[in-house]
Amino acid sequence: MGVVRFALRFPYTFYVVAALILFLGVSAIAVTPTDIFPQIDIPVVSVIWQYTGLSTPEMEQRVTTYSQYAISTSVTGIKNMEAQTLNGISVQKIYFQPDVNLDLAISQIVAGTNSIRALMPPGIQPPIVVQYNASSVPVLQLSLSSDRLSEQKLYDYGYYNLRQQVAPVPGVTFPTPDGGKYRQIMVDIDPLKLQARGLTPADVVNAVNAQSLTLPSGLAKIGDTQYTVRTDAMPTTINDLNNIPIRYNNGPTVFLKDIGQVHDGWAVQQNIVHEDGKRRGVAVLDDAQRP
C-alpha cells in the first residue's frame with residue numbers, strides 16, 4: 001500500500017521512472033549482440049593421429065593404445081575416452097570434467113603424446129589436437145569451377161590463393177578443399193628394368209632425395225663485394241629429374257629415365273565434387289567457424 005500511496009502523491013515521478021525504463025530497455029535491445037552460434041564451452045578434445053599405409057590392427061596396437069596410455073597417465077580431469085581406428089588414422093575423443101581448464105588439458109595432451117612418440121612407428125608426426133566447439137559448424141560453402149584450369153591447378157588455387165584471401169576475416173577457419181586433385185611430381189618405376197639393373201625402389205628414393213635439395217651455401221667475398229653463393233642442387237624442370245643418376249659406380253651410370261619416368265601428376269584422388277549432377281574440376285571450401 002505504501003508504493004500505491006507514494007504513486008498517488010507523486011504521479012509525475014512515476015511517469016519519469018516509467019519513461020526511463022522504456023528508454024533503457026530499447027537502448028539495451030539495440031546494443032545487445034546476437035549470435036546464432038553462442039559460445040558454449042564443452043569439455044571435449046579430439047586427438048587425431050595419421051600414419052599413411054599402416055593397417056587398422058597395427059594402427060590400433062602401435063598408435064591408439066600407446067596414445068591412450070600416455071594421455072591417461074599425464075592428463076588430469078578425464079571423465080571418459082573413446083577411440084576410433086581406421087586404416088592409417090586414429091581418432092580419439094577425450095571427455096573432461098566440467099570444471100577442467102581445457103587450455104591446461106590441451107597442453108598436457110600435447111606433452112604426453114610427444115613423449116610417447118618414441119614407442120610408435122618411426123617417422124610418425126605429432127597428432128592434431130582439436131577442441132570441440134558447438135559453434136564450429138559449416139556456415140558458408142564456396143565452390144570453384146573452371147573450363148580452362150585442370151583439377152590440379154584448381155585445387156592449388158583454392159588451397160594456396162583463395163584461402164589466404166578469405167583468412168583475414170575474423171573467426172574464419174578453412175579445412176582443406178574437397179574435390180580436385182592434389183598435385184604431385186610422380187616417379188613411375190618399371191619393376192623389370194629395376195630388377196635387371198640390380199636396383200631396389202629404396203635406391204631410387206634415396207637418389208631423388210639426395211639430389212633434389214635446397215641447401216644454403218654461404219657467402220663469398222671477392223674484393224669489396226660480398227656475394228651469396230647458390231648451389232645447383234635442385235632440378236629446375238621435371239625433365240631434369242629424369243637425368244638424376246641412380247648408380248654411378250660398378251658399371252655404367254644408371255639414370256632415372258633408364259628405369260622409369262618422372263611426370264607431373266597427382267596423388268590418389270579420394271573424393272570427387274559434382275556440380276549440377278556433373279563432375280567438374282571443383283574445389284569446395286567450408287567455413288567451419290561462426291560468422
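Residues numbered from 1 in each chain as written. Predicted model: local features only at pLDDT ≥ 70, side-chain atom pairs only at ≥ 80, totals over all residues. Heavy atoms only, no water.

Draft legend 1. Representation of the overall build of the chain. Helix and strand counts for the chain come out as 9 helices and 14 strands. Of all 291 residues assigned to the chain, the portion counted as buried reaches 26%. (Helix = DSSP H or I, 4+ residues; strand = E, 2+ residues; numbered from the N terminus. Buried < 20%, exposed > 50% of the residue type's maximum accessible area, 1.4 Å probe, protein only.)

Draft legend 2. Molecular detail of the packing of aromatic side chains. Taken as a whole and judged by the stated rule, the model has 1 aromatic pair. On the basis of an interplanar angle of 85° and a centroid distance of 6.1 Å, the ring pair of Tyr 12 and Tyr 15 is categorised as edge-to-face. Of this pair, Tyr 12 and Tyr 15 are both found in helix H2 (residues 11-31), 3 residues apart, which corresponds to roughly one turn of the helix. Above the ring of Phe 255, the side-chain terminus of Lys 257 is found at 5.8 Å from the ring centroid. (Phe/Tyr/Trp six-rings, centres within 6.5 Å; stacked < 30°, edge-to-face > 60°. Lys NZ or Arg CZ within 6 Å of the ring centre and 35° of its normal.)

Draft legend 3. Inspection of the pairing of strand S7 (residues 219-222) at higher detail. Where S7 and strand S8 (residues 225-228) come together, 4 bridges link them in antiparallel fashion. Within S8, the position partnered with Ile 222 by the bridge is Thr 225. Adjacent in sequence and paired antiparallel, S7 and S8 are bridged by 2 residues, among which Gly 223 carries a positive phi angle near 65°. (Pairing = 2+ DSSP bridges.)

Draft legend 4. Layout of the side chain of Ser 90. Residue position: Ser 90 is located in strand S3 (residues 89-96). Taking relative accessible area as the criterion, Ser 90 reaches 0% and is therefore assigned buried. A polar atom in the side chain of Ser 90 sits 3.4 Å from the side chain of Gln 92. The residues touching Ser 90, leaving out its near neighbours within four places in the chain, are Val 47, Ile 48, Trp 49, Met 59, Val 63, Thr 64, Gln 84 and Thr 85. (Polar contact = N/O pair within 3.5 Å; in protein donor to acceptor, adjacent residues only side chain to side chain. Contact = heavy atoms within 4.5 Å.)

Draft legend 5. Structural detail: the environment of Gln 84. Its location among the elements puts Gln 84 in strand S2 (residues 78-86). Measuring from C-alpha to C-alpha, the distance between Gln 84 and Glu 60 comes to 8.7 Å, with 24 residues separating the pair along the chain. Other than its neighbours up to four places away in sequence, Gln 84 contacts Ile 89, Ser 90 and Val 91.

Draft legend 6. Representation of the environment of Ile 89 in the model. Positionally, Ile 89 belongs in strand S3. Owing to a relative accessible area of 32%, Ile 89 belongs among the partly exposed residues under this scheme. When the C-alpha positions of Ile 89 and Gly 53 are compared, they lie 9.5 Å apart, and in sequence the two are 36 residues distant. Not counting residues within four places of it along the chain, the set of residues in contact with Ile 89 comprises Trp 49, Met 59 and Gln 84.

Draft legend 7. Representation of the side chain of Ser 46 within the structure. Mapping Ser 46 onto the fold places it in strand S1 (residues 44-50). Those residues in contact with Ser 46, other than ones at most four positions away along the chain, are Gln 92, Lys 93, Ile 128, Val 129 and Val 130.

Draft legend 8. Up close: the pattern of salt bridges. One pass over the structure, following the stated rule, counts 1 salt bridge. With a shortest N-O distance of 2.8 Å, Arg 183 and Asp 264 are connected by a salt bridge. Of this pair, Arg 183 sits in strand S6 (residues 183-189) while Asp 264 is found in strand S11 (residues 260-266), placing the two residues 81 residues apart along the sequence. On the accessibility criterion, Arg 183 (42% relative accessible area) is partly exposed. (Salt bridge = Lys/Arg side-chain N within 4 Å of Asp/Glu carboxyl O.)

Draft legend 9. Focus on the packing of helix H3 (residues 56-74) against helix H4 (residues 102-116). For the pair H3 and H4, interaxial distance at closest approach is 9 Å and the crossing angle is 135°. As the angle between them shows, H3 and H4 are arranged oblique. Between H3 and H4 the crossing geometry is right-handed. When H3 is examined against H4, the residues Tyr 66, Ser 67, Tyr 69, Ala 70, Ile 71 and Ser 74 are found in contact with a partner set consisting of Gln 108, Ile 109, Gly 112, Thr 113 and Ile 116. Residues of the contact of H3 with H4, tallied by class, amount to 6 nonpolar, 5 polar and no charged. (Axes fitted to C-alpha atoms, helices over the stretch in contact; angles between N-to-C directions. Parallel < 35°, antiparallel > 145°, perpendicular 65-115°, else oblique. Left-handed = near helix turned anticlockwise from the far one by under 90°. Nonpolar A, V, L, I, M, F, W, Y, C, P; charged D, E, K, R; others polar.)

Draft legend 10. Fine view of the sheet that holds S2. Ordered by their spatial adjacency, 4 strands build an open sheet running S2-S3-S1-S4, and the pairing between neighbours is antiparallel. Each edge of the sheet is formed by a strand with only one pairing partner; in this case those strands are S2 and strand S4 (128-131). Averaged over all pairs of adjacent strands, the angle between strand axes in this sheet comes to 15°, irrespective of strand direction. Of the pairings in the sheet, the one linking S2 to S3 comprises 8 bridges and is antiparallel in character. Its bridge partner being in S3, Leu 86 is matched across the sheet by Ile 89. Across the sheet, H3 is in contact with S1, S2 and S3; its angle to S2 comes to roughly 165°.

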